[in-house]
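What follows is each chain in one-letter form.
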Amino acid sequence: MVRFPKILGRPVRLIIIGFGERGRVYSQFCLDNPSLAQIVGVAEPSPRRRLAFQSRFPSVPSTHIFSSWEELVQTPRLADAAVICTLDTLHAPCVVSLARLRYAILCEKPMAVTPSECAEIVRAVKEEEVMFAVCHVLRYSPYNLEVKRVIESGEIGEVVNVVHVEPVGWWHFAHSYVRGNWRREVGGVGALMAKSCHDLDILCHYFSLPPLRVSSFGSLTHFQRSSKPIEAGTATRCVSCAYEPSCPYSAPRLYLNPSNWDTRHWPASVLVDSPPDIEDIRTALSEGDYGRCVYECDNDVVDHQVVNIEFERGRTASFTMVAFTGEVCERQTRIHGSKGMVVGDSKEVRVTSFLTGQTKIVSVSPKVEGVEGSEGGHGGGDYGLMKTFVECVRNGDPTGLGCTPRQVLRSHGVVFAAEEARKKGKVVDVREYLESVGGWV
């Protein structure tokens, strides 16, 4: 395994590529933990977001603030590592260019939007011998660390089958996948990749076995004009719709009520400057994408999907992603082993022994040990990931990431193969499919 120079006597220096929602989350880690990591620059095309960055990081010199990642890569390396939070379609060219400059790289999921681009990334980071990780944050949450510990302890014997559900949440799906940036398929891949690639990755992580074959079913069932209530008439925006008070997907109800916002002011922060101003939000609802009727958008991604996976040694898993839930991203998992089983809900792990018939319950806090401000995001997975990545860069050793670039490619391959299976109505061999489209390394 390639080893890298250690960083001694100072924080790890990071540059953020894309200062949107995810870029702000990862940069906040540095503000909360200045002894571990330091932000030294940003590349962001939006003038508004560059100003927001400067207000949050006033010590960063203007010479380290770039209007694009293309501008950044024209300069010598400025940091130890780059955190890529651009639009998904920009990940591949950005990673390849930064790898040539010898940055360690943390890339937001998905790695890329086509199998060939994913393979290109894996080849580039291997050839340039740079550390690379994808933001599969579920791996690093205290909850999933506990689940993985139970599996590896042998308490439930050999894992035979896993049933995993991601309840996206009715309003969250409407926000991100009907009105928002991920509402349309890119490169033939839609909500499964944008929302759930780290769920299929966590299934691969639980089994630690290669995925072999997949089948999948799903469709866009509800968020389309044919489902529009008659009372809504011809309205295309919530602010002019007579049915709005009775609609569960009302944009004013979601965005104008501060009690619906998290500590980062999300989701309202997506519409306007952060912290949000009510009048600015009203303007955005009248003019922008997030005020549109959910039945009159240009979305085409599925609103529910199931994926069945066969792993090596005959092990199986099923995954469901569904928009229509009260829970928001609180994954529910059943892991069936030869000696016991695990039932989890993202907060609590219940382990039942077949030998004794007894069940022990472990409640898991989202607090990540050794870092400040880690409650929240993905059950602590956001800060768990950042802590792990920063430690690996500082120690010059990627082992702690627990996942190689090739393994990331394999779990992404499950997503690509699942979409092929859904659209073609057939069972797809993962390796054969990736080889046929240039996505195998």
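Owing to the predicted nature of the structure, the values given are computational and were not obtained by experimental measurement.

### A closer look at the sheet that holds strand S15 (residues 428-429)
Here comes step 1: Sheet architecture is open: nine strands sit in the order S14-S13-S12-S11-S7-S10-S9-S8-S15, paired in mixed fashion. Here the strands that pair on one side only, and so sit at the sheet edges, are strand S14 (359-363) and S15.
Here comes step 2: Relative to strand S10 (residues 316-322), strand S7 (residues 159-167) runs parallel, the two sharing seven bridges. Note that in S10 the partner of Val165 across the bridge is Thr320.

### What to know about the sheet that holds strand S6 (residues 132-134)
Here comes step 1: The strand order across the open sheet formed by six strands is S3-S2-S1-S4-S5-S6, and the pairing between neighbours is parallel. What marks the edges here is a single partner per strand, and that holds for strand S3 (65-66) and S6.
Here comes step 2: Direction of pairing for strand S4 (residues 81-84) relative to strand S5 (residues 104-107): parallel, over a ladder of four bridges. Across the sheet, residue Val83 finds its bridge partner in S5, namely Leu106.
Here comes step 3: Relative to the sheet, helix H11 (residues 381-395) contacts strand S1 (12-17), strand S2 (37-43), S4, S5 and S6, its axis offset from that of S5 by approximately 170 degrees.

### Here's the deal with the packing of aromatic side chains
For any two aromatic rings, the description comes down to two numbers: the centre-to-centre distance and the angle of the planes.
Here comes step 1: Under the definition given, this model contains 10 aromatic pairs.
Here comes step 2: Measuring from ring centre to ring centre gives 5.7 Å for Phe173 and Phe223, while their planes differ by 20 degrees; the resulting arrangement is stacked. Residue Phe173 is found in helix H7 (residues 170-178), and its partner Phe223 is found in the loop between strand S8 (211-219) and helix H9 (251-255); the two are separated by 50 residues along the sequence. A single burial state applies to Phe173 and to Phe223, both of which are buried.
Here comes step 3: Ring plane angle 80 degrees and centroid distance 5.0 Å describe the contact between Phe223 and Tyr249, whose orientation is recorded as edge-to-face. You can see Phe223 sitting in the loop between S8 and H9 and its partner Tyr249 sitting in the loop between S8 and H9, a full 26 residues away along the chain. Judged on exposure class, the residue Phe223 and its partner Tyr249 are both buried.
Here comes step 4: Clustering of aromatic rings is evident, with ring pairs tying together Phe173, Tyr177, Phe223, Tyr249 and Phe324.
Here comes step 5: In this arrangement the basic side chain of Arg24 is found over the ring face of Phe19, its NZ or CZ atom lying 5.9 Å from the centre.
Here comes step 6: Its guanidinium or amino end placed over the ring of Trp440, Arg410 lies 3.6 Å from that ring's centre, counting from NZ or CZ.

Definitions and cut-offs
- Residues numbered from 1 in each chain as written.
- Predicted model: local features only at pLDDT ≥ 70, side-chain atom pairs only at ≥ 80, totals over all residues.
- Heavy atoms only, no water.
- Pairing = 2+ DSSP bridges.
- Helix = DSSP H or I, 4+ residues; strand = E, 2+ residues; numbered from the N terminus.
- Contact = heavy atoms within 4.5 Å.
- Axes fitted to C-alpha atoms, helices over the stretch in contact; angles between N-to-C directions.
- Phe/Tyr/Trp six-rings, centres within 6.5 Å; stacked < 30°, edge-to-face > 60°.
- Buried < 20%, exposed > 50% of the residue type's maximum accessible area, 1.4 Å probe, protein only.
- Lys NZ or Arg CZ within 6 Å of the ring centre and 35° of its normal.

Geometry only, nothing functional implied.
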